[in-house]
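Residue-level structure breakdown
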Amino acid sequence: MIRIAICDDEAVMCEKLNRTVSSILESWKEKYSVVCHTGAVGLLYGPMDYDLLFLDIRMPGPDGMRTAERLRERGFKGEFIFVTAFSEYMSEAFEVEAADYLCKPVDKERLERALRRVLKRLRASREESFCIRTANWYRMIPFGEIYYCEVINRKVFVHTKSGVIDYYGKLREAEQQAFPHLLRCHRSYLVNPACLREYNGGELLLENGEQIPVSKNCRQAFMEQMLLYMDREG
């Protein structure tokens, strides 16, 4: 499913774009949800679990460009498409890594091309990233940034090169999403084979110096998967 928000201070424009986007995605048989905002406050102080934001630029209060900048500062990793009657902000749009910049009135074929591009980028990102989604936020973490995951009580802790991210979840569900990028080596651990430096005496030494146990129950399957990984990597 693609989660979309449309932000335009004119409610009529919000609904018009909503209908057009919905008709396109339905014709492509894409699962989606759309939420409309007539101001930036709901985006800035609400959940950041959207995949795509359509932003008008000239709005009362924080305008669309400032809203995008502040969302990026908060760690928003989704896509932006700016929809505006003014073309002079195009260079600024791409500074916040916007996927596209559409001028009003929006041409449907142009919108379709933008949506196809966004869907392609989202699919590629999801294939190469670990997605953490909660009721209030979501984050895409490239597998190359992850050392390992561990579960403690009801929380999963994702140890990355830039810190630890935790959320309520099950390691089994994380494993289903992350395989074969992360491998099960213990009932409480998934490890990134690309980050292994050494295996000795039932312990894995990672490139960051941490040690992870390999349990007897997981050892055979883990070693088989490691051999497959080494074959793939040459």
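Summarised in this report is the structure supplied together with it. (Residues numbered from 1 in each chain as written. Predicted model: local features only at pLDDT ≥ 70, side-chain atom pairs only at ≥ 80, totals over all residues. Heavy atoms only, no water.)

What follows concerns the sheet that holds strand S5 (residues 100-103). Paired through their backbone hydrogen bonds, the strands of a sheet run either parallel or antiparallel. Strand order in the open sheet formed by 5 strands is S2-S1-S3-S4-S5, and the pairing between neighbours is parallel. Where the open sheet ends on each side, the last strands, each with one partner, are strand S2 (32-37) and S5. Across the sheet, the axes of successive neighbouring strands diverge by a mean angle of 20°, strand direction being ignored. Relative to S2, strand S1 (residues 2-7) runs parallel, the two being bridged by 6 bridges. Opposite isoleucine 2, over in S2, you have tyrosine 32 as the bridge partner. Those strands touched by helix H1 (residues 11-27) are S1, S2, strand S3 (52-55) and strand S4 (79-84), and its axis lies near 175° from that of S2. In this fold helix H3 (residues 64-73) packs onto S3 and S4, with an angle of close to 170° to the strand it touches most, S4. (Pairing = 2+ DSSP bridges. Helix = DSSP H or I, 4+ residues; strand = E, 2+ residues; numbered from the N terminus. Axes fitted to C-alpha atoms, helices over the stretch in contact; angles between N-to-C directions. Contact = heavy atoms within 4.5 Å.)

As a further point, take the state of the cysteines. Enumeration according to the criterion identifies 0 disulfides in this entry. Summary of cysteine pairing: cysteine 185 is not part of a disulfide, and the nearest cysteine sulfur, belonging to cysteine 218, is at 7.1 Å. You can see cysteine 195 has no disulfide; the closest cysteine sulfur is in cysteine 149, sitting 11 Å from it. (Disulfide = S-S within 2.5 Å.)

Taking every second residue as pointing to the same face, both faces of S3 are buried, with Leu52 and Phe54 on one and Leu53 and Leu55 on the other. Here S1 runs beside S3; their pairing, made up of 4 bridges, is parallel. Looking across to S3, one finds that isoleucine 6 is bridged to phenylalanine 54. Summarising the sheet, S3 and S4 pair through 4 bridges and their orientation is parallel. (Buried < 20%, exposed > 50% of the residue type's maximum accessible area, 1.4 Å probe, protein only.)

A few words now on the environment of threonine 160. Tracing the chain through its elements places threonine 160 in strand S9 (residues 155-160). For threonine 160, a relative accessible area of 9% gives the class buried. Residues threonine 160 and tyrosine 199 lie 39 residues apart in sequence; the distance between their C-alpha atoms is 20 Å. Residues contacting threonine 160, with those up to four places away along its chain left out, are Ile141, Glu145, Ile146, Tyr147 and Ile165.

Across residues other than glycine, the phi torsion is negative in most instances, and most of the peptide bonds are trans. Between lysine 104 and the following residue, proline 105, the backbone shows a cis peptide bond with an omega angle of -5°. Its place among the elements puts proline 105 in the loop between S5 and helix H5 (108-128). The omega torsion across phenylalanine 179 and proline 180 is 5°, close enough to zero to call that bond cis. With respect to the element layout, proline 180 can be found in the loop between helix H6 (171-178) and strand S11 (183-186). At lysine 29, a residue that is not glycine, the phi angle is positive and equals roughly 60°. The residue lysine 29 is located in the loop between H1 and S2 in this model. Given a relative accessible area of 76%, lysine 29 falls into the exposed group. One non-glycine residue with positive phi stands out, namely asparagine 153, at about 60°. Mapped onto the elements of the fold, asparagine 153 is located in the loop between strand S8 (146-152) and S9.

Quick look at the pattern of salt bridges now. All told, the structure shown has 12 salt bridges when counted by the stated rule. With its nearest N and O atoms 3.2 Å apart, the salt bridge here joins arginine 121 to glutamate 79. Of this pair, arginine 121 sits in helix H5 while glutamate 79 is found in strand S4, placing the two residues 42 residues apart along the sequence. Overall, the relative accessible area of 36% leaves arginine 121 in the partly exposed class. Judged by relative accessible area, which is 8%, glutamate 79 ranks as buried. Taken together, the shared-partner salt bridges in this structure form one network comprising Asp8, Asp56 and Lys104. (Salt bridge = Lys/Arg side-chain N within 4 Å of Asp/Glu carboxyl O.)

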